[in-house]
Amino acid sequence: MSGVEEVFNFINGQWQKPGGTAGVNILDPASQEIIAHFSNSSEKNVETAVTAASNAFSSWRNTPVVERIQYLQNLLHFLRSEQDALARIITRECGKTYNESLGELKRAFENIEVACGAPTFSQGTFSEDIAPGIDEIMIRQPVGISLIICPFNFPAMIAFWFMPYAL
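Remember, it's a predicted structure, so these values are computed and weren't measured experimentally.

Student: I would appreciate a short explanation of the sheet that holds strand β4 (residues 23–27) in the present structure.
Tutor: Backbone-to-backbone hydrogen bonds pair the strands of a sheet. The strands run either parallel or antiparallel. Strand order in the open sheet formed by three strands is β1-β5-β4, with mixed pairing between adjacent strands. Looking at the sheet topology across the chains shown, the edges are occupied by β1 (5–7) and β4. Neighbour-to-neighbour, the strand axes of the sheet open up by a mean angle of 30 degrees, direction not taken into account. As paired strands, β4 and strand β5 (residues 34–39) are joined by five bridges and run antiparallel to one another. Its bridge partner being in β5, isoleucine 26 is matched across the sheet by alanine 36.

Dropping the structure here:
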């Protein structure tokens, strides 16, 4: 597959070639041209990713929420600066019009912006005397790692319905 871009996994801060034997070609729906190849990840790739995420969780969980949202703000800035290129990639892979792809990215941006409000919506609550002698306290805390599997037809928008809030 000379000249065809290979899709890699990003695990523990590094790009890694998937270790699976099977895979699929990513086609431009307009021309049926092969634009990339995606190899399935091996069980070892998945175990490595889960272990890395699990190991990172304890320190990430203890990172103050105002510091965590700085990563989201940086991501938002980067995505906005690259929105033309990203929209063209989405159009080429999904067959959407360019304007539809831009619209999808704008929905992604909106979700990141809302998630940047985490310092406010992560506040807990306290209710006194909800029943005789019973008070209630609610604390929002990170609980663990997550996985998102997105459909091909909305690769940016649906991922950003979940990812910014999980972070």
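Student: Sorry if this is basic, but what is going on with the side chain of aspartate 28 here?
Tutor: With respect to the helices and strands, the residue aspartate 28 is situated in the loop between β4 and β5. Overall, aspartate 28 belongs to the buried group, its relative accessible area being 12%. In contact with aspartate 28, other than residues within four places in its own chain, are Glu33, Ile35 and Arg92.

Student: Looking at this structure, I do not really get the pairing of strand β6 (residues 125–131). What am I missing?
Tutor: On any regular strand, side chains alternate: one points to one face of the sheet, the next to the other face. Relative to strand β7 (residues 134–138), β6 runs antiparallel, the two sharing four bridges. Across the sheet, serine 127 pairs through a bridge with glutamate 136, a residue of β7. What sits between the antiparallel neighbours β6 and β7 is a turn of two residues, in which glycine 133 has the positive phi angle 75 degrees.

Student: Before we go on, may I ask you to explain the confidence of the model for the protein in this structure?
Tutor: When pLDDT drops low, the exact placement of atoms in the prediction is not to be read closely. Averaged over every residue, the pLDDT of the protein is 90; the share at 70 or more is 99%. Averaged over each element, pLDDT in the protein is lowest for helix α5 (residues 118–121) (81) and highest for helix α4 (residues 98–115) (96).

Student: Any chance you could explain the packing of aromatic side chains here in plain terms?
Tutor: Here the distance between the centres and the angle between the planes together describe a pair of aromatic rings. Taken as a whole, this structure holds two aromatic pairs when the rule is applied. Judged by centre distance (5.4 Å) and plane angle (65 degrees), the ring pair of tryptophan 60 and tyrosine 71 falls under edge-to-face. Separated by 11 residues along the polypeptide, tryptophan 60 in helix α1 (residues 43–61) and tyrosine 71 in helix α2 (residues 65–81) bring together distant segments of the chain.

Rules used throughout
Residues numbered from 1 in each chain as written. Predicted model: local features only at pLDDT ≥ 70, side-chain atom pairs only at ≥ 80, totals over all residues. Heavy atoms only, no water. Pairing = 2+ DSSP bridges. Helix = DSSP H or I, 4+ residues; strand = E, 2+ residues; numbered from the N terminus. Axes fitted to C-alpha atoms, helices over the stretch in contact; angles between N-to-C directions. Buried < 20%, exposed > 50% of the residue type's maximum accessible area, 1.4 Å probe, protein only. Contact = heavy atoms within 4.5 Å. pLDDT = per-residue confidence, 0-100. Phe/Tyr/Trp six-rings, centres within 6.5 Å; stacked < 30°, edge-to-face > 60°.

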